[in-house]
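Each chain, written out:
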Amino acid sequence: MISQLVTLAGVLIGAVTSFLATSAAERARHRRAMATRWDERKLDTYLQYATCVKEISANAKRARQAAAAGSEERQGYLAAMEEAELRRSAMFETLILLASPEAVEAADAVNRELWREEVATRDPEADFPGGTLRLIELMNVYHERARVDLGIAAGGIILPAE
């Protein structure tokens, strides 16, 4: 009788151990899947935001060039700039929700410089000295902070998750 109880206890301990190990492995797998899902969403948000910034800046530059040349195309570039600005604003809200505080801070600095460029573009008499270079510098900081948030080193090497 005692040997049967010992055997039964061993089976029960084995079953509980197996259940706990399987549960832990499933939780870890689920956490990894969720982290991957959110990292993909973050990457997409980072890319869409950067694309909007570049589109706004390119249209602003074209509008300033058209104004300097006295071209009627200026209004079309201004409209495209405004449309891209609306998308950028929506993407920034998503960025705030998903990105690290450091990346949000970098994007906010990009926003402020971009607004300077937009104001200078709307007023053909306004001067915008060194603005494009400053925007490029701020975008480089944004890219760097996005890579850190995603766990990607500058050389494309994936950093270990913390």
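Residues numbered from 1 in each chain as written. Predicted model: local features only at pLDDT ≥ 70, side-chain atom pairs only at ≥ 80, totals over all residues. Heavy atoms only, no water.

### Thoughts on the overall build of the chain
(1) Moving on: Along the backbone of the chain there are four helices and zero strands.
(2) Moving on: Along its sequence from the N terminus, the chain presents helices and strands in the succession α-α-α-α.
(3) Moving on: Within the span of the chain, comprising 162 residues, buried residues form 31% of the whole.
(4) Moving on: Within the chain, residue pairs in contact and separated by at least 24 positions form 71% of the contacts whose partners lie at least 6 positions apart.
(5) Moving on: Accessible surface for the chain amounts to roughly 10700 Å². Of this, 62% is attributable to carbon and sulfur atoms. (Helix = DSSP H or I, 4+ residues; strand = E, 2+ residues; numbered from the N terminus. Buried < 20%, exposed > 50% of the residue type's maximum accessible area, 1.4 Å probe, protein only. Contact = heavy atoms within 4.5 Å. Areas by Shrake-Rupley, 256 points an atom, 1.4 Å probe, with all protein chains shown as cover.)

### Quick word on the packing of aromatic side chains
Geometry of an aromatic ring pair is reported as the spacing of the ring centres plus the angle between the planes.
(1) Moving on: Across all of its chains, the model carries three aromatic pairs by this definition.
(2) Moving on: Each ring, one from Tyr-46 and one from Tyr-142, has its centre 5.8 Å from the other, and the planes form 70°; the classification is edge-to-face. On the criterion of sequence distance, the pair formed by Tyr-46 in helix 1 (residues 2-69) and Tyr-142 in helix 4 (residues 131-150) is long-range, its members being 96 residues apart. For the pair shown, Tyr-46 and Tyr-142 are each scored as buried.
(3) Moving on: Measuring from ring centre to ring centre gives 6.2 Å for Tyr-49 and Phe-92, while their planes differ by 45°; the resulting arrangement is tilted. On the criterion of sequence distance, the pair formed by Tyr-49 in helix 1 and Phe-92 in helix 2 (residues 74-98) is long-range, its members being 43 residues apart. Assigned by exposure class, Tyr-49 and Phe-92 land together as buried.
(4) Moving on: Chaining the aromatic ring pairs together yields one cluster made of Tyr-46, Tyr-49, Phe-92 and Tyr-142. (Phe/Tyr/Trp six-rings, centres within 6.5 Å; stacked < 30°, edge-to-face > 60°.)

### Quick notes on the pattern of salt bridges
(1) Moving on: Taken as a whole and judged by the stated rule, the model has twelve salt bridges.
(2) Moving on: Here Glu-85 ties to Arg-88 by a salt bridge, and the two come within 2.5 Å at their closest N and O atoms. Note that Glu-85 and Arg-88 are positioned in helix 2 at a spacing of three residues, about one turn of the helix. (Salt bridge = Lys/Arg side-chain N within 4 Å of Asp/Glu carboxyl O.)

### Comments concerning helix 2
(1) Moving on: Compared with the 36 Å implied by 1.5 Å per residue over 25 residues, the 36 Å span of helix 2 between its first and last C-alpha is a close match.
(2) Moving on: Of the positions making up helix 2, those classed as buried are Arg-74, Leu-78, Met-81, Ala-84, Glu-85, Arg-88, Met-91, Phe-92, Thr-94, Leu-95 and Leu-98. (Expected span 1.5 Å × (residues − 1).)

### Notes on the side chain of Thr-45
(1) Moving on: As for its position among the elements, Thr-45 is in helix 1.
(2) Moving on: Contact partners of Thr-45, with chain neighbours within four places excluded, come to Met-91, Thr-94, Leu-95, Leu-98 and Tyr-142.

### Considering a nonpolar patch on the surface
(1) Moving on: A cluster of nonpolar side chains, contributed by Met-1, Leu-5, Leu-8 and Leu-12, occupies part of the molecular surface with about 460 Å² of accessible area.
(2) Moving on: Structurally, Leu-8 can be placed in helix 1.
(3) Moving on: Leu-8 gets classed as partly exposed once you look at its relative accessible area, which sits at 48%. (Patch = residues over 30% accessible without salt bridge, like charges linked within 9 Å, V, L, I, M, F, W, Y side chains within 5 Å.)

### Quick notes on the packing of helix 2 against helix 3 (residues 101-122)
(1) Moving on: Close contact between helix 2 and helix 3 brings their axes to 12 Å; oriented N to C, the two are set at 165°. The angle between helix 2 and helix 3 falls in the class roughly antiparallel. Classified by chirality, the crossing of helix 3 by helix 2 is left-handed. For the pair helix 2 and helix 3, contact is made by Arg-74, Leu-78, Met-81, Glu-82, Glu-85, Arg-88, Phe-92, Leu-95 and Ile-96 and by Val-104, Ala-107, Asp-108, Asn-111, Leu-114, Trp-115, Glu-118, Thr-121 and Arg-122, respectively.
(2) Moving on: Taken together, the residues of the contact of helix 2 with helix 3 break down into nine nonpolar, two polar and seven charged. (Axes fitted to C-alpha atoms, helices over the stretch in contact; angles between N-to-C directions. Parallel < 35°, antiparallel > 145°, perpendicular 65-115°, else oblique. Left-handed = near helix turned anticlockwise from the far one by under 90°. Nonpolar A, V, L, I, M, F, W, Y, C, P; charged D, E, K, R; others polar.)

### Let's talk about the confidence of the model for the chain
(1) Moving on: Of all residues in the chain, 88% have pLDDT values of 70 or greater, and the mean over the chain is 86.
(2) Moving on: Looking over the chain, one finds the lowest element-wise mean pLDDT in helix 1, namely 84, and the highest in helix 2, namely 95. (pLDDT = per-residue confidence, 0-100.)

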